[in-house]
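Per-entry structural report
Each chain, letter by letter, is given below.
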Amino acid sequence: MKILLIFFTFSLISGAVRCVSVTGYSGGSLLVDSQKLWFSNSAKYVVKHDPWRTIINYKKHNEWIGEGRFILFRNKYGNLMIFIIELNTKDTGKYRIRVLDKWYIDIHLNVKEDSCCKGSKKVLVKSGETATFSCEYSQNHINDAKVIFKERQNSIEKLIHATDTLNKEGRFSVSDDRHRNLFNVRISAVTPDDGGVYLCGVWIYRLFYSISAKVSLHIMTKVGVSRATGQSGGRMMIKCEHPQYKTKPKYMCKESDGCSERKNPGVQDEWMENGDVSLYDDTRAGVLMVFFRELKAADAGTYRCGVNVSHYTESFTELQLDVRDGAKYLKTKTASAHLGEEVNITCQIPEEHEVYFCKDDDNHICQNIRTSAVTEMSPSSERNEERVFTVSISNVSVRDAGVYWCGAETRDTHLTFISLTTKIQLNLIMAPVVRREGESAEIFCPYDSTYKSKSKSLCKGKCSTRDRNTLNETVREEKETKTDRLTLNDDVTASVFTGTITGLRAEDAGKYWCAVTLERDVNYLYTHLIVIMNEELNLTKNEGDDMSIQCKHHDELQKYFCKAHEPSMCVKDGVSLEKIRDDRFSFSDEASTGVFTVNITDLREEDSGIYWCGAHIITKVTLTVNMDFSLINIISLCLTLLLIGGFTVTECLLR
């Protein structure tokens, strides 16, 4: 808002009452010097006549009393000043200002309309540079002296009084363009102390000052320049350090749009989303953390990472961010681990950088992992430009499931950059559930106790927020839901929810995900449900024969043919079933028919036994291989000759 301020000086005879008329302008302000002492211990009183209205009702203060748009304050000479802001035509009238038991004055105020007093300006300039701004004034005051004031705490100070078209006082200069009714103000080599509110005006009839513009001057101090490089599609964490301004509000903005859109958390010591980034103002360390959840080419550019030192002063580090094509550098991995066991995660970073390994929290903020064991391995590049490191997580629990990132950390004087280029999805595996057709199967899903109030899902096949086959979802807390043959029960005391499927069928077999539903994603933990079909195959063959066995599947990638007394004996490492490794065994797949065929050539007696074939749906195959009849005859003949002629079995066989 532009301000019209009138500075009027009175010569009041002590003890006498004067009635003075002053003029202000709508949208402006009025400043009057009573030339009477403040008297700190005396109450102040302001009323308006016709109609009567009490504005300030006998208040005391050492320096300042404010009530809405009406302010009384003590200037540096000890006088009482009257300041009325944001004038409008309804303010026209008679006012009485009283200092109890000391003195009072009456003021007649006339408020007029004028286009010169309808706005305000904001000017931003870097420390050490020159600040410039222009002020408009009424054509009626072309020949009047121009003045610049600055608002101080509880006061207004005159800085320069210009009577010519060009005036200079120290670092301040005023040039008057009388053809355009503008005067321009220049402040050279600005410092943080120059920040604040300036008032532009004219000196009228040597009686008062008409202030036509209010300018807020913001001083920005650049403390350094840093450069960072990220990969499109990857993530980046930027830490801006302001240890001397721990509790001051911090921000990040982009130079290309003039820093008009400043990203800040809005609250302190809490992660908050702001557009495509998340921010955290750490008041304990004096650090602003800015997390780009997914870098884009458009994110490249020059940024300011700053702190608001005061209302009108800022301190910032300039950041030049380069975003490269991430196709060559970004990697996505999937790791699996059994509950209670250990998992190793391997990552690769440039040689000269520090290792950074973090895990996504519920808000998709990647938090640094400090407890994992990081082991350096041999360089993977002949030029020694990159190195490989391994993170070991022992005694894996449900809390460890989720998305991890690894990347490189670079430290600068005022900033720390963390470029995350490798994404690892850690899935937890539970022992497979093996049941027969028609029976019931229970799938136990342990979860972290922090998710007790979250809804849970049991998914078959795919399980994500965008593309999932949700079988059932429980309500929060200690509840049970039932749909058809599936019952889901959540035991929040034990932090386990259980899915029970009755009357098992072939289509029930498959891979199941236990999911805890979060705001934008799910927690990952899975098992396999293996259904043994009641229909069995009993096959009898002779040695030397060839045979084919057809096995059912549901177009799964993993298919097996295993020899064991029980199907559970075929399970290895939780999900992989052992395959028979023999050149006489071969596999052919007819995916469209849901059948794959096992071919066995040159059958032998030791091939006899129980086999299990299929994928998640398995069939029991009992194979009996009879010995070749001609061989039996030879053995019988040799035994007969042994009894008759005294030959040994060995001689017979040798012959």
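Predicted model only: the values in this text are computed from it and were never measured.

About the criteria used
Residues numbered from 1 in each chain as written. Predicted model: local features only at pLDDT ≥ 70, side-chain atom pairs only at ≥ 80, totals over all residues. Heavy atoms only, no water. Helix = DSSP H or I, 4+ residues; strand = E, 2+ residues; numbered from the N terminus. Buried < 20%, exposed > 50% of the residue type's maximum accessible area, 1.4 Å probe, protein only. Contact = heavy atoms within 4.5 Å. Areas by Shrake-Rupley, 256 points an atom, 1.4 Å probe, with all protein chains shown as cover. Pairing = 2+ DSSP bridges. Axes fitted to C-alpha atoms, helices over the stretch in contact; angles between N-to-C directions. pLDDT = per-residue confidence, 0-100. Phe/Tyr/Trp six-rings, centres within 6.5 Å; stacked < 30°, edge-to-face > 60°. Lys NZ or Arg CZ within 6 Å of the ring centre and 35° of its normal. Salt bridge = Lys/Arg side-chain N within 4 Å of Asp/Glu carboxyl O. Disulfide = S-S within 2.5 Å. Polar contact = N/O pair within 3.5 Å; in protein donor to acceptor, adjacent residues only side chain to side chain. Core = buried A, V, L, I, M, F, W, Y, C linked by side-chain atoms within 4.5 Å.

**With respect to the overall build of the protein**
The helix and strand inventory of the protein stands at 2 helices and 52 strands. Expressed as a percentage of the 655 residues in the protein, the buried residues total 48%. Once local pairs closer than 6 in sequence are excluded, the contacts in the protein between residues at least 24 apart make up 62%. Surface exposure of the protein reaches about 32600 Å², of which carbon and sulfur atoms provide 47%.

**Concerning the sheet that holds strand S9 (residues 93-99)**
Ordered in space as S2-S10-S9-S4-S5, the 5 strands form an open sheet in which the pairing is mixed. The two strands at the open ends of the sheet, each matched to only one other strand, are strand S2 (19-25) and strand S5 (53-59). The mean inter-strand angle of the sheet, taken between neighbouring strand axes irrespective of direction, is 20°. Of the pairings in the sheet, the one linking S2 to strand S10 (residues 103-112) comprises 7 bridges and is parallel in character. Across the sheet, residue Gly 24 finds its bridge partner in S10, namely Val 111.

**Comments concerning the confidence of the model for the protein**
Per-residue confidence for the protein gives a mean pLDDT of 82; residues scoring 70 or more make up 84%. Low pLDDT, under 50, characterises residues 647-655; the predicted model gives this stretch 7 contacts beyond four residues in sequence or across chains.

**Some remarks on the packing of aromatic side chains**
Tallied over the entire structure, the rule returns 12 aromatic pairs. For the ring pair Trp 64 and Phe 73, a centre distance of 5.6 Å and an interplane angle of 25° mean the geometry is stacked. Trp 64 gets classed as partly exposed once you look at its relative accessible area, which sits at 28%. Its relative accessible area of 3% is what places Phe 73 among the buried residues. When the ring centre of Tyr 251 is taken as origin, the NZ or CZ atom of Arg 262, which lies over that ring, is 4.2 Å away.

**Examining the pattern of salt bridges**
Using the criterion set out here, one finds 28 salt bridges in the structure. The shortest N-O distance in the salt bridge between Asp 91 and Arg 69 comes to 2.8 Å. Here Asp 91, found in the loop between strand S8 (79-84) and S9, pairs with Arg 69, found in the loop between strand S6 (64-67) and strand S7 (70-74); they are 22 residues apart in sequence, far enough to count as distant. Asp 91 sits in the buried class, given a relative accessible area of 2%. Take Arg 69: its relative accessible area is 22%, and that puts it in the partly exposed class. In this structure, Arg 171 and Asp 194 form a salt bridge, with 3.0 Å as the shortest nitrogen-oxygen distance. Note that Arg 171 is positioned in the loop between strand S15 (166-169) and strand S16 (172-177) and Asp 194 in the loop between strand S17 (182-187) and strand S18 (196-204), a separation of 23 residues in sequence.

**Here's the deal with the state of the cysteines**
For the structure shown, the criterion picks out 7 disulfides. With its sulfur 1.9 Å from that of its partner, Cys 135 forms a disulfide with Cys 200. Here the residue Cys 135 occupies a position in strand S12 (residues 131-136), and Cys 200 occupies one in strand S18, the gap between them amounting to 65 residues. Taking relative accessible area as the criterion, Cys 135 reaches 0% and is therefore assigned buried. Given the relative accessible area of 0%, Cys 200 is considered buried. Across the disulfide, Cys 240 is cross-linked to Cys 305 (sulfur-sulfur distance 1.5 Å). The sign of the S-S torsion, about 95°, decides the handedness of the disulfide formed by Cys 240 and Cys 305: right-handed.

**Remarks on the environment of Arg 69**
Linking Arg 69 and Glu 86, residues 17 residues apart in sequence, is a C-alpha distance of 7.0 Å. Those residues in contact with Arg 69, other than ones at most four positions away along the chain, are Phe 83, Ile 84, Ile 85, Glu 86, Leu 87, Asn 88 and Asp 91. In this structure the side chain of Arg 69 is engaged in a polar contact, spanning 3.1 Å, whose partner is the backbone oxygen of Glu 86. A distance of 2.8 Å separates polar atoms of two side chains, one belonging to Arg 69 and the other to Asp 91.

**Comments concerning the nonpolar core**
Judged by nonpolar contacts, the single largest core of 43 residues is most densely connected at Ile 393, Ile 424, Leu 426, Leu 428, Leu 458, Cys 514 and Leu 529. Broken down by element, this core gets its largest block of residues, 4 residues, from strand S28 (residues 343-350). Contact partners of Leu 426, with chain neighbours within four places excluded, come to Ala 335, Ser 336, Ala 337, Val 343, Asp 400, Ala 401, Gly 402 and Tyr 404. Judged by nonpolar contacts, the second largest core, of 25 residues, contains Ala 131, Phe 133, Ile 142 and Val 190.

**With respect to the sheet that holds S16**
Across the sheet, 4 strands lie side by side as S12-S17-S16-S15; this open sheet has antiparallel pairing. The sheet terminates laterally at S12 and S15, the two strands that pair on one side only. In this sheet, neighbouring strand axes are inclined to one another by 15° on average, regardless of whether the strands run parallel or antiparallel. Relative to S17, S12 runs antiparallel, the two sharing 6 bridges. By the bridge assignment, Ala 131 is partnered in S17 with Ile 187.

**Here we look at the pairing of S10**
Relative to S10, S9 is paired through 7 bridges, and the arrangement is antiparallel. Of the residues in S10, the one forming a bridge with Lys 94 is His 108. Count of turn residues in the S9/S10 antiparallel hairpin: 3 residues, of which Asp 101 carries a positive phi of about 65°.

**Brief notes about the side chain of Asp 508**
Note that Asp 508 resides in the loop between strand S41 (496-501) and strand S42 (510-516). A polar side-chain atom of Asp 508 sits 2.9 Å from a polar atom in the side chain of Arg 485. With sequence-adjacent residues up to four places away left out, Asp 508 is seen in contact with Lys 460, Arg 485, Ile 501, Gly 503 and Leu 529.

**Points about the pairing of strand S43 (residues 525-532)**
Here S43 lies mainly inside the structure; 8 of its 8 residues are buried. Residues Leu 525, Thr 527, Leu 529 and Val 531 point to one face of S43 and Tyr 526, His 528, Ile 530 and Ile 532 to the other, with burial holding for every one of them. The pairing of strand S34 (residues 415-429) with S43 spans 2 bridges and is parallel. Bridging across to S43, Ile 429 finds its partner in Tyr 526. Bridging between strand S35 (residues 433-436) and S43 involves 4 bridges; their strand directions are parallel.

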